[in-house]
Every structure is written in structure tokens, then in C-alpha cells.
Amino acid sequence: ACSIAVSASAQLIDQNQPSGPVYMAGFSQGDLAQSFMQTNSNIVGAGILLQSGIGSSDTVTISLWNLLPNQGGAVMLASASATGTAGEWVDVFWGLVPITPATTYYLVFTGNQTLGIAGDTANPYAFGQVYANPPYQSWPTFDYAFRTYYNDVTATAPSSLSSIKALY
């Protein structure tokens, strides 16, 4: 007899900085980004907490970059948009992007002019920081309320596939 375990994949939170008591930035300011380090070796999406009372509902685009967009050699690795509502989390998802764990990457927030991002000025997230206002000005002790997602996908080996087919 042969037992086969099939693993389903899921989008799970990797980095999570949920503290958002402060109105950190309005999208109209431009050059909004948060640096972070992923624990897992892939990333499939990200989210931010939108400030309540600023705007109502609008498109939010979150892009993943290897460097800040104004730095030489910067490459956009992924980007996706969703409709966000003031006072709520907005998450976007893209295809699986392999990345290097414990390496700094950047989430860049664009896509509208009406909403704002909540965050915390007391440095709650040790592995990154806020950038805001052209040209991506550094705010070392500020963090947006953000989260990243990874996929825990486990590849099925070809030999497992033939074993499964042999059962039918």
C-alpha cells in the first residue's frame, strides 16, 4: 500500500506590522514606500492599513521593488491594484515572486490621490522604515501599518504524480 500526502498551497502572512495609531501619509504626497525583510523565500502580495477619515474608496497599487525606484538598478518585481476603503486594510496579490530571505525589499504605494496610510512613529517594525515625499525621503523610526504574504506551496514531485495516476 502507498500513502500519498498532497499539500495545498495558501497565501499566508509573512511580515506583519499592524500598529496604525498615526496618520502617516497621504497618497498625494508621492514617493511613499516601506522597506522590509521577508522571512520566506517568496512573496505573493502585500497590504496596507488605510487611514480612517481620509477619502472614502479608491484604487490602491502596491509594487514590489528590489531598491527604491529612484536608485540606480531599481527593478519592479511585481505590482497589483485593488479598491481600498478608508479605515480598512487593502491587500493586493500577484504571482509568486522568488526572493532572498532577510534581504531588504521595498513596497511602493501609488494609485490614487484621495486616501492616506496609517502607521506608527515609534519604530514598531525593526526590519524596515517609511519613505515619503520626493525623492523618497527617509523616516528611520516611522513604519506604515503593512503586511506581506508568502505562498507555502509544496511542489509535487513527478514520481508522486505517476504514483497517483497508478491508483486510478
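Reading the values: rules and limits
Residues numbered from 1 in each chain as written. Predicted model: local features only at pLDDT ≥ 70, side-chain atom pairs only at ≥ 80, totals over all residues. Heavy atoms only, no water. Helix = DSSP H or I, 4+ residues; strand = E, 2+ residues; numbered from the N terminus. Buried < 20%, exposed > 50% of the residue type's maximum accessible area, 1.4 Å probe, protein only. Contact = heavy atoms within 4.5 Å. Pairing = 2+ DSSP bridges. Phe/Tyr/Trp six-rings, centres within 6.5 Å; stacked < 30°, edge-to-face > 60°. Lys NZ or Arg CZ within 6 Å of the ring centre and 35° of its normal. Core = buried A, V, L, I, M, F, W, Y, C linked by side-chain atoms within 4.5 Å.

Student: What should I look at first to understand the overall build of the protein chain in this one?
Tutor: When helices and strands are tallied, the protein chain shows one helix and 13 strands. Secondary structure elements in the protein chain, listed N-terminal to C-terminal, are β-β-β-β-β-β-β-β-β-β-β-β-β-α. Looking at the protein chain residue by residue over its 168 residues, the buried ones come to 40%. In the protein chain, of all internal contacts separated by at least 6 residues, the share reaching a separation of at least 24 is 79%.

Student: Where do I start with the sheet that holds strand S9 (residues 116-120) in this structure?
Tutor: On the basis of which strands lie adjacent, the open sheet formed by three strands has the order S2-S9-S12 and antiparallel pairing. At either end of the open sheet lies a strand with only one pairing partner, and these are strand S2 (22-26) and strand S12 (143-144). Direction of pairing for S9 relative to S12: antiparallel, over a ladder of two bridges. Looking at the pairing, Gly 119 lines up with Tyr 144 of S12.

Student: I'm lost on the pairing of strand S3 (residues 32-37) in this one. Help?
Tutor: Within a regular strand, side chains alternate between the sheet's two faces. In terms of burial, S3 is a largely internal element, five of the six residues being buried. The pairing of S3 with strand S10 (residues 130-132) spans two bridges and is classified as antiparallel. Within S10, the position partnered with Gln 34 by the bridge is Val 130.

Student: Just to check I follow, could you spell out the packing of aromatic side chains for this structure?
Tutor: The description of an aromatic ring pair rests on the distance of the ring centres and on the angle between the ring planes. Using the criterion set out here, one finds eight aromatic pairs in the structure. Each ring, one from Tyr 125 and one from Phe 127, has its centre 5.8 Å from the other, and the planes form 75 degrees; the classification is edge-to-face. Take Tyr 125: its relative accessible area is 5%, and that puts it in the buried class. Cation over ring: Arg 147 sits above Trp 89, and NZ or CZ is 4.1 Å from the ring centre.

Student: Help me understand the environment of Tyr 23 in this model?
Tutor: Its place among the elements puts Tyr 23 in strand S2. On the basis of relative accessible area, Tyr 23 is assigned to the partly exposed category, the value being 40%. With residues up to four places along the chain from it excluded, the contact list for Tyr 23 reads Gln 51, Ile 54, Gly 116 and Ile 117.

Student: What is the right way to look at the nonpolar core in this model?
Tutor: Nonpolar side chains in soluble globular proteins generally cluster together in the buried interior. Ile 48 and Trp 94 are the most contacted members of the largest nonpolar core, which totals 30 residues. A total of four residues in this core trace back to one element, the largest contributor, which is strand S7 (residues 89-98). Dropping the residues within four chain positions of it, Trp 94 is found in contact with Ile 43, Val 44, Gly 45, Ala 46, Ile 62, Leu 64, Ala 78, Ser 79, Ala 80 and Leu 107. Of all hydrophobic cores here, the second largest spans seven residues; its members include Ala 33, Trp 65, Tyr 106 and Tyr 131.

Student: For this particular structure, what's the right way to read unusual backbone geometry?
Tutor: Excluding glycine, residues mostly carry a negative phi; peptide bonds, for their part, are mostly trans. Pro 134 connects to Pro 135 through a cis peptide bond whose omega is -5 degrees. Locating Pro 135 in the fold gives a position in the loop between S10 and strand S11 (137-139). Of note, the phi angle at Ala 102 is positive, near 60 degrees, even though the residue is not glycine. You will see that Tyr 136, though not glycine, has its phi angle at about 50 degrees, which is positive. Mapping Tyr 136 onto the fold places it in the loop between S10 and S11.

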